[in-house]
Every structure is written in C-alpha cells, then in structure tokens.
Amino acid sequence: MNGKKIHLILTGGRIDSVWDGNVDEVVLSEHSVIPDYLKKIDVAVEFVVTEVSMKDSRALTSDDREKIREAIDESETSKILVTHGTHTLPDTVEFLQENLQNKDKTIVFTGSSTPLKDFALTDAGFNLGYAIAMVQQLPAGIYYCNKGTTITDREMRTQLVEGKFYTRS
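Given the structure is predicted, the values throughout are model-derived calculations rather than measurements. Every residue gets a number counted from 1 within its own chain, in the order that chain's sequence is written. Only residues with pLDDT of at least 70 are given local features in this predicted model, and only at 80 or more are side-chain atom pairs given and counted; all residues enter the totals for whole chains, interfaces and linings. Each side-chain value is worked out from all heavy atoms of the structure, with water and hydrogens disregarded.

Novice: I'm lost on the environment of T50 in this one. Help?
Specialist: By the secondary structure assignment, T50 is in strand β4 (residues 46-55). Here T50 falls in the partly exposed class, since its relative accessible area comes to 25%. When the C-alpha positions of T50 and V93 are compared, they lie 18 Å apart, and in sequence the two are 43 residues distant. A run of H or I in DSSP counts as a helix once it spans at least four residues, and a run of E counts as a strand once it spans at least two, with each numbered from the N terminus. Relative accessibility under 20% of the residue-type maximum defines a buried residue, over 50% an exposed one, and the middle range a partly exposed one, all with a 1.4 Å probe and only protein chains included.

See below:
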C-alpha cells in the first residue's frame with residue numbers, strides 16, 4: 001500500500017445498477033456492488049467507503065448533495081472518488097463548487113453507461129480503474145474521469161454553456 005487512502009463516495013447511477021429479469025430492465029442495486037468488486041480484483045489501494053444514496057442521478061435531491069458535500073468536507077483523506085450518474089453530474093459539481101468548505105482535495109467523479117454487474121461488456125471496470133489512477137495523480141480540484149478522458153469542472157461548465165457537455169453514455 002502507498003499509505004494513502006481513497007475515500008470512495010457512492011451515490012448510485014448506472015454503474016451501480018443490475019439487471020432485473022422480473023421487470024426486464026436495469027434497476028439500481030439496493031447497495032453498491034463496487035466495494036465487493038474492488039475486493040475481488042484485489043486493488044492495491046486502501047479505500048474508505050461511504051454510501052450516500054443508491055439513486056438515479058435525476059432523483060438526487062439537495063439533501064443528497066449536502067450529504068455528498070459533508071462526506072467530502074469531513075473526509076480525513078485528500079483523495080475522493082465519487083460514483084455518480086451523468087444526467088445531473090453538472091448540478092452536483094456546481095453545488096460543490098459553491099458549498100465545499102475544504103477545496104484542497106482532489107475530487108474525481110466517474111460513472112458508466114453500462115452497469116458493473118451482470119454485463120459481460122461494460123465500461124464500468126475500466127472507468128473505475130482509470131478514475132482510481134487519476135485521483136492519485138491529479139492536483140486538488142474537481143474532475144470527471146470517463147472512458148479514458150479527464151475534464152475539469154471548468155471544462156464541464158464551458159461545455160454546458162456551449163451545449164456540448166456529453167458523456168458518451
């Protein structure tokens with residue numbers, strides 16, 4: 001271990017969904033599948049895990065965003081990885097920009113277009129691995145890491161203003 005912990009904050013989204021044959025569609029897991037996945041693949045990083053919610057990002061409330069902020073501000077580590085659905089990711093990033101008390105942390109958001117569990121071909125594991133690597137390397141700030149690319153919160157805002165924010169989901 002490198003002595004540095006990563007605080008993994010889980011909020012739901014497609015990455016933490018599963019196939020439900022009873023309704024013949026993808027639904028959110030009751031609890032995150034990510035901690036088990038990371039244990040099974042024996043990631044050589046120590047994690048502190050906080051499950052804030054298990055929701056589609058369109059269902060996140062201001063209370064949920066406040067819980068995300070609290071988890072980040074109260075975290076004893078400076079490296080934060082947040083799983084989050086893409087639909088309202090810019091809203092959460094904007095909320096954090098306005099409300100974070102401690103801005104000296106590296107905060108990386110990631111998600112996926114296909115769930116981590118129950119699908120043979122998924123971008124979830126790749127995105128998690130990429131985000132884990134990047135959160136350890138990037139300086140303090142807020143980032144979105146997905147499909148091998150990293151954008152800053154500023155780039156996300158610019159893309160939103162120009163109507164170009166997309167996640168290839």
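This is not the end of the story, as more comes after the structure.
Novice: How should I be thinking about the nonpolar core in this particular structure?
Specialist: Burial of nonpolar side chains together is a common tendency in soluble globular proteins. Grouped together as the largest cluster of nonpolar side chains are 23 residues, with contacts concentrated most on I6, L8, I34, F47, L81, V108 and I132. Elements that contribute at least two residues to this core include exactly β1 (5-12), α1 (34-40), α4 (124-137) and β7 (141-146). Residue contributions to this core peak at seven residues, all from α4. Those residues in contact with L8, other than ones at most four positions away along the chain, are I34, L38, F47, V48, V49, T50, L81 and T83. Nonpolar cores were defined as sets of buried Ala, Val, Leu, Ile, Met, Phe, Trp, Tyr and Cys residues, with membership established by side-chain atoms within 4.5 Å. I68, F109, I142 and M156 belong to the second largest nonpolar core, which has 18 residues in total. Residue contacts are defined here by distance: any two heavy atoms, one from each residue, within 4.5 Å place the two residues in contact.

Novice: Mind showing me how you'd approach the pairing of strand β3 (residues 25-28) here?
Specialist: In summary, the side chains of a regular strand alternate between the two faces of the sheet. Sheet topology places strand β2 (residues 17-20) next to β3; four bridges connect them, and they run antiparallel. Counterpart to D20 in the pairing with β3 is E25. Pairing between strands requires that DSSP locate at least two bridges from one strand to the other. As consecutive antiparallel partners, β2 and β3 are separated by four residues, and within that stretch D24 has a phi angle of approximately 55°, a positive value.

Novice: When you look at unusual backbone geometry in this model, what are you seeing that I'm missing?
Specialist: The general pattern is negative phi for most residues beyond glycine and trans for most peptide bonds. With phi around 55°, D42 is a residue other than glycine that occupies positive phi space. With respect to the helices, strands and loops of the structure, D42 is situated in the loop between α1 and β4. Take D42: its relative accessible area is 65%, and that puts it in the exposed class. Look at K147: it is not a glycine, yet its phi comes out positive at around 55°. Residue placement: K147 occurs in the loop between β7 and β8 (149-152). Judged by relative accessible area, which is 25%, K147 ranks as partly exposed.

Geometric descriptors of this kind do not, in isolation, establish any biological role.
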